[in-house]
Amino acid sequence: MRSLLTMLGIIIGISSVISIVSIGDSMKGVMDDLYKDFGENRAVLYVGNIEEFRSTDFFYNDDLKILKERFNDKLLYMCPSESVRSDVTVNRNTIKLNMECIDSGYDNVQQVKMLYGRMINNNDIDKKSKVVVLEQNAAMKLFGKENVVGKTIRTKIDNNMEDLLIVGIYKNEQSPFLTLMQGQDMYEDSFIPYTMPFSANYGYYGLDFFINDNYPVSLVGDEIVNYIAKLKNRTSENYIYYTVEEEQTQVNSIVTGLSVAVAAIAAISLLVGGIGIMNIMLVSVTERTREIGIKKALGARTKDVLFQFLIESATLSAIGGIVGTITGIGLVMIGGSFISIPIVVNPGSIVLAVAFAMVIGIFFGYYPAKKAAKSDPIDALRYE
Amino acid sequence: MEMINIENLNKIYKTGSVEVHALKNVNIEIKHGEFIAIMGHSGSGKSTLMNIIGCLDRPTSGKYFLEGVEIDKQSADELSLIRNKKIGFVFQSFNLIPRTNILRNVELPMIYAKVSAKQRREKALELLEKVGLQDRVNHLPNELSGGQKQRVAIARALANNPPIILADEPTGNLDTNSSEEIMKIFRKLNNEGNSIIVVTHEHEVAKYADRIIVFKDGSIIEDRMKEGVENYLA
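Since the structure is predicted, the reported quantities are computational estimates derived from the model, not experimental observations.

Each value, and the rule that gives it
- Residues numbered from 1 in each chain as written.
- Chains lettered and ligands numbered in written order.
- Predicted model: local features only at pLDDT ≥ 70, side-chain atom pairs only at ≥ 80, totals over all residues.
- Heavy atoms only, no water.
- Helix = DSSP H or I, 4+ residues; strand = E, 2+ residues; numbered from the N terminus.
- Buried < 20%, exposed > 50% of the residue type's maximum accessible area, 1.4 Å probe, protein only.
- Contact = heavy atoms within 4.5 Å.
- Areas by Shrake-Rupley, 256 points an atom, 1.4 Å probe, with all protein chains shown as cover.
- Salt bridge = Lys/Arg side-chain N within 4 Å of Asp/Glu carboxyl O.
- Patch = residues over 30% accessible without salt bridge, like charges linked within 9 Å, V, L, I, M, F, W, Y side chains within 5 Å.
- Lys, Arg positive; Asp, Glu negative; His and termini not counted.
- Charge placed at Lys NZ, Arg CZ, Asp CG, Glu CD.
- Axes fitted to C-alpha atoms, helices over the stretch in contact; angles between N-to-C directions.
- Parallel < 35°, antiparallel > 145°, perpendicular 65-115°, else oblique.
- Left-handed = near helix turned anticlockwise from the far one by under 90°.
- Nonpolar A, V, L, I, M, F, W, Y, C, P; charged D, E, K, R; others polar.

## A few points about the overall build of chain B
Okay, step 1: Scanning chain B from terminus to terminus reveals eight helices and ten strands.
Okay, step 2: Expressed as a percentage of the 234 residues in chain B, the buried residues total 52%.
Okay, step 3: Looking at chain B alone, contacts between residues at least 24 apart form 69% of all its contacts between residues at least 6 apart.
Okay, step 4: A total accessible area of about 10900 Å² is found for chain B, and carbon and sulfur atoms account for 47% of it.

## Here's the deal with the pattern of salt bridges
Okay, step 1: One pass over the full model with this rule turns up 30 salt bridges over all chains.
Okay, step 2: For A:Asp103, the salt bridge identified is with A:Lys68, shortest N-O distance 3.1 Å. Taken as a pair, A:Asp103 in the loop between β4 (93-102) and α3 (106-109) and A:Lys68 in helix α2 (residues 61-70) lie far apart in primary sequence, 35 residues in all.
Okay, step 3: The exposure class of A:Lys68 is partly exposed, given its relative accessible area of 36%.
Okay, step 4: The partner of B:Arg120 in a salt bridge is B:Glu107, and the shortest N-O contact between them spans 3.5 Å. With B:Arg120 in helix α4 (residues 117-130) and B:Glu107 in helix α3 (residues 102-112), this residue pair connects regions lying 13 residues apart in the sequence.

## What about a negative patch on the surface?
Okay, step 1: Taken together, the side chains of A:Glu40, A:Asp222, A:Glu245 and A:Glu246 define an acidic patch exposed on the protein surface.
Okay, step 2: Its location among the elements puts A:Glu40 in the loop between α1 (2-38) and β1 (42-47).

## Side note on the packing of α3(B) against α4(B)
Residues and elements named next belong to chain B.
Okay, step 1: Orientation of α3 relative to α4, taken along the N-to-C sense of each, is 125 degrees, at an axis distance of 9 Å. Between α3 and α4, the crossing angle belongs to the class labelled oblique. For the pair α3 and α4, the crossing hand works out as right-handed. Residue-level contacts link Ile-102, Leu-103, Arg-104, Val-106, Glu-107, Met-110 and Ile-111 of α3 to Arg-120, Arg-121, Lys-123, Ala-124, Leu-125, Leu-127 and Leu-128 of α4.
Okay, step 2: Looking at the contact of α3 with α4, its residues break down into nine nonpolar, no polar and five charged.

By themselves, these observations are geometric and do not establish any function.
In structure tokens, the structure reads:
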């Protein structure tokens, strides 16, 4: 009972450190998933940092063609990053629809789970087909069923009312937690060919890239920026290139830094636990003065007694460490199951935590053990 | 070579400004195989002598040779080693380790002597059988009677085959029957060749010994052999 109370400090300390570290790791895992969803090899380029815009600063279909040829081997996919938003009404059901402009081949670089029909293809791009691929929720809300391939929706594009043929239905696959993180924006999702809404001489503001995995995303980005700047007679500072990779590294380091900082604060409770161990060991040494005296009379050397007490306090704190680890993981697992995110427990942090607990036990057990080891056998034997 | 040789031994305790002259110019020779009773009232200095012979304490002046080695300048750990190898202690209050079974208690001195686990166990069982406790090996000390506890303590004292068994009032906490039983064991051990020094104030106990040394106020006032014993030793 007394040992349990002693260990409590260590248990609480270790379990909070373990749970904070694994919350951090789990957050990182969630963020990684988020970026994977968005595409880790994805980058965007847009016009920025220009005081007076010239019409040539924007990206035109001719520029796209040149870039595609120039960076053919390094780019998996390139498309103007544009979307059209509009209300759509079918049978008195109105939804807000976000139509993401994509090129053919989008489904090669991003996972798109098709339920019915087909994805946007080359033909749609070339012919500027008035087609749309709807997310299943949009279909459900408009038509009350999922398979509505072949039906049309009427929507406003570039101030004209257009009838779009539904050629496919897909399903957004995201964990509820990711949806929560990204926020609900009222808009239902869909895809349209990027060539359809805009006139041939439309200047796009930004471009969306997927870089070939064999090339470093940021280096290819620099190349593209320099090339574009030269093409447009601007400097590379006039264009902003933004990679998911960079963002991810940044966020990861913030999450790591944060969890290390909080874990360090939690580690202070380990200090308190260590003092608790020292306290109980001092009591134990006093209580066992006679036992120590007997052992010394029978031939125990200073280090025999020292080790006996050090092992005792190290065992005490190691058990505390193990129980604390189990408690910590348990807490995180329970918490994680509530918000349905995958829990990451780093085995290294477990080993570290238990080892650290033992070090605390040895550190705070040393003084009492030394006191016991140094006691004079005559005094110790006389002690009642 | 004498087993124990004590020459002009003095022990002075200082408590604050008060000096207590516990032993005054003590000279004793003890041979291997002797069975000695050291007697005296409390405060006579017999326990102090016991502590010095047992290497638990150092003399203030004078010389103490144990098997030819002068016990004087040794470190605490060196004294531990000497106690471990050369002295078997039997205490008035038994001093068994609580919450540890009696087999482990008997093994304890051998652990410090770094005897292998197997040998330890064999020796401990052999010794417990010798004191008639072979069927109690897994009992805890507090499950035994006083006499039984003291028998465990004797078995423990014999663990490393020390040249001397040092017993400090071994019957002080025992009833008459158990006392007799314990002293008979000592007698038997002495007959087998063990040297035994018993500190006691009881004549009943002292009569088992071959030689009696009586202390008063830190000095020896009497040191005599029982009749016929001297010849036997010589």
